[in-house]
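Coordinate analysis (summary)
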Amino acid sequence: MTDKKDIRILAYESSCDETSTAVIKNGREIESLVVATQIKSHQRFGGVVPEVASRHHIEVITQITKEALSEAKVTWNDIDAIAVTYGPGLVGALLIGVSAAKAASMATGIPLIGVDHIMGHIMAAQLEDEIEYPALALQVSGGHTELVLMHDPIHFEIIGDTRDDAAGEAYDKIGRVLGVNYPAGKTIDTWAHQGNDTFNFPRAMLEDDDYDFSFSGLKSAFINTCHHADQIGEKLDKYDLAASFQAAVVDVLSHKTIRAIKEFKPKTFVLGGGVAANRGLRERLEAEIGKLDNKPKVIIPPMKLCGDNAAMIGAAAYNLYKAGKFSGLDLNADPSLELPYADVILDR
């Protein structure tokens, strides 16, 4: 028997190409985490195929639910809430997780909590250390590059967003040009540490007054450089290309993040999302924040919590549970779900 003073949440994550379940205790402790990856299935296509992703989710979600409960040594009677990502993401993939969570909630009577995927990525930090509020998060994953102001554990506002290509998308697109299998981020990061910034690629919107991001111009400059070299028979150093690309991305992300820290003076800074696993970005942010006079606490989750996983969803759901923010059985997938924008704060 488990102590019911503890709150245990069974969480589901299926927004893209990872199917994951987890049992999280009190929003901080991972009692189990199961991740069924689909990377090999999508590599031959150079990216995620939505229909393939959905079919894989269907095949494994029942089994990994059992595994999460078994690994945590709990039964359904020990679970206080069932959490699930309901957006943003691929609609077919989201629907598998939402359907599984709703079915479990209906069958057991355990309350349901819908969780924003981006909020989940940010709250992975809560599994590593206590977040002191107000806090600021740089959330960098797949199609999202955002600076998020966190007033408390459940009220988040975007102060800077992606205008076109997000950083993660740009990594995968230039990876194709370099012949790197999807996902390209890890390989590009490794190569970048073996090369030098010799190409001076553009740092878009670096000095703009806002906190928005655009990596489309950088991606295009990189691709054009490679295509021109091919046309004239010039061989470019892949390590220098990777280093130059990554330097441009990291310069923009770190510059805007440091400016936001100076303006909003958060007590905690959080780095979240798949690109948070990038060693170059982690090292730069830690170094730049370390130079500040009034530096916030810095929380960067371990590598296993940077990618899509159900533990982060369980952490975010615990905060919603404590605030009484439950969902009905009419919960539906919302592929375009967005956190609110901080219009009042920035007087837009």
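Residues numbered from 1 in each chain as written. Predicted model: local features only at pLDDT ≥ 70, side-chain atom pairs only at ≥ 80, totals over all residues. Heavy atoms only, no water.

**Let's talk about the overall build of the protein chain**
- Helix and strand counts for the protein chain stand at eleven helices and ten strands.
- A compact globule built from 348 residues would reach a C-alpha radius of gyration of about 20 Å, and the protein chain, at 20 Å, matches this within 12%.
- Taking the principal axes of the C-alpha coordinates as reference, the protein chain spans close to 65 × 50 × 35 Å.
- Surface summary for the protein chain: the accessible area is close to 15000 Å², and the carbon and sulfur share equals 49%. (Helix = DSSP H or I, 4+ residues; strand = E, 2+ residues; numbered from the N terminus. Rg over C-alpha atoms; globule rule 2.2 N^0.38 Å. Areas by Shrake-Rupley, 256 points an atom, 1.4 Å probe, with all protein chains shown as cover.)

**Considerations on the layout of surface pockets**
- Its volume calculated, the largest pocket comes out at about 1400 Å³.
- In this structure, the largest pocket is lined by 43 residues; those nearest its centre are Gly142, Asp172, Tyr182, Pro183 and Gly274.
- Mapped onto the lining of the largest pocket, the elements with two or more residues apiece are strand E3 (29-37), helix H4 (117-123), helix H5 (167-177) and helix H6 (185-192).
- When residues of the lining of the largest pocket are assigned to their parent elements, the largest contribution, six residues, is made by H5. (1 Å grid on protein atoms, 1.4 Å probe; cavity = no way out; pocket = protein on both sides within 12 Å on 5 of 7 lines; lining within 4 Å. Points joined across faces, edges and corners; volume = space filled by probe spheres on them.)

**Some points on the environment of Pro50**
- Examined against the element boundaries, Pro50 turns out to sit in helix H2 (residues 50-72).
- A relative accessible area of 43% places Pro50 in the partly exposed class.
- Linking Pro50 and Glu263, residues 213 residues apart in sequence, is a C-alpha distance of 40 Å. (Buried < 20%, exposed > 50% of the residue type's maximum accessible area, 1.4 Å probe, protein only.)

**Points about the nonpolar core**
- In terms of nonpolar packing, the biggest core is built from 50 residues, with Leu138, Ile159, Ile188, Phe215, Phe245 and Leu271 touching the most fellow members.
- Looking at this core, the elements with two or more residues in it are strand E6 (135-141), strand E7 (144-150), H5, H6, helix H7 (216-232), helix H8 (238-264), strand E9 (268-272) and helix H9 (279-290).
- Considering each element in turn, this core owes the most residues, 13 residues, to H8.
- In terms of nonpolar packing, the next biggest core, distinct from the first, is built from 38 residues, Ile118, Ile131, Val270 and Ala311 among them. (Core = buried A, V, L, I, M, F, W, Y, C linked by side-chain atoms within 4.5 Å.)

**A look at the packing of aromatic side chains**
- Counted by the stated rule, this structure contains eight aromatic pairs.
- The interplanar angle of 90 degrees and the centroid separation of 4.9 Å between the aromatic rings of Tyr171 and Phe245 together place this pair among those described as edge-to-face. Of this pair, Tyr171 sits in helix H5 while Phe245 is found in helix H8, placing the two residues 74 residues apart along the sequence.
- Residue classification places Phe245 among the buried residues on the basis of a relative accessible area of 0%.
- Summarising the aromatic geometry, the rings of Trp191 and Tyr239 are spaced 5.9 Å apart at their centres and angled 85 degrees between planes, so their arrangement reads as edge-to-face. With Trp191 in helix H6 and Tyr239 in helix H8, this pair connects stretches of sequence that are 48 residues apart.
- Positioned over the ring face of Phe213 is Lys256, at 5.8 Å from the centre of the ring. (Phe/Tyr/Trp six-rings, centres within 6.5 Å; stacked < 30°, edge-to-face > 60°. Lys NZ or Arg CZ within 6 Å of the ring centre and 35° of its normal.)

**Section: the sheet that holds E6**
- Pairing is mixed across the open sheet formed by five strands, whose spatial order is E8-E7-E6-E9-E10. Edge positions in the open sheet fall to strand E8 (156-160) and strand E10 (297-299), since each of these has one partner strand only. Across the sheet, the axes of successive neighbouring strands diverge by a mean angle of 25 degrees, strand direction being ignored.
- Across three bridges, the pairing between E9 and E10 is parallel. Across the sheet, the residue bridging to Thr268 is Lys297, located in E10.
- Taken strand by strand, H8 contacts E6, E7, E8 and E9, and its axis lies near 160 degrees from that of E6. (Pairing = 2+ DSSP bridges. Axes fitted to C-alpha atoms, helices over the stretch in contact; angles between N-to-C directions. Contact = heavy atoms within 4.5 Å.)

**Comments concerning unusual backbone geometry**
- The step from Gly87 to Pro88 runs through a cis peptide bond, and the omega angle for that step is -10 degrees.
- Take Pro88: it is sitting in the loop between strand E4 (81-87) and helix H3 (91-108).
- Even without glycine at this site, Lys265 takes up a positive phi of about 50 degrees.
- Here Lys265 is to be found in the loop between H8 and E9.

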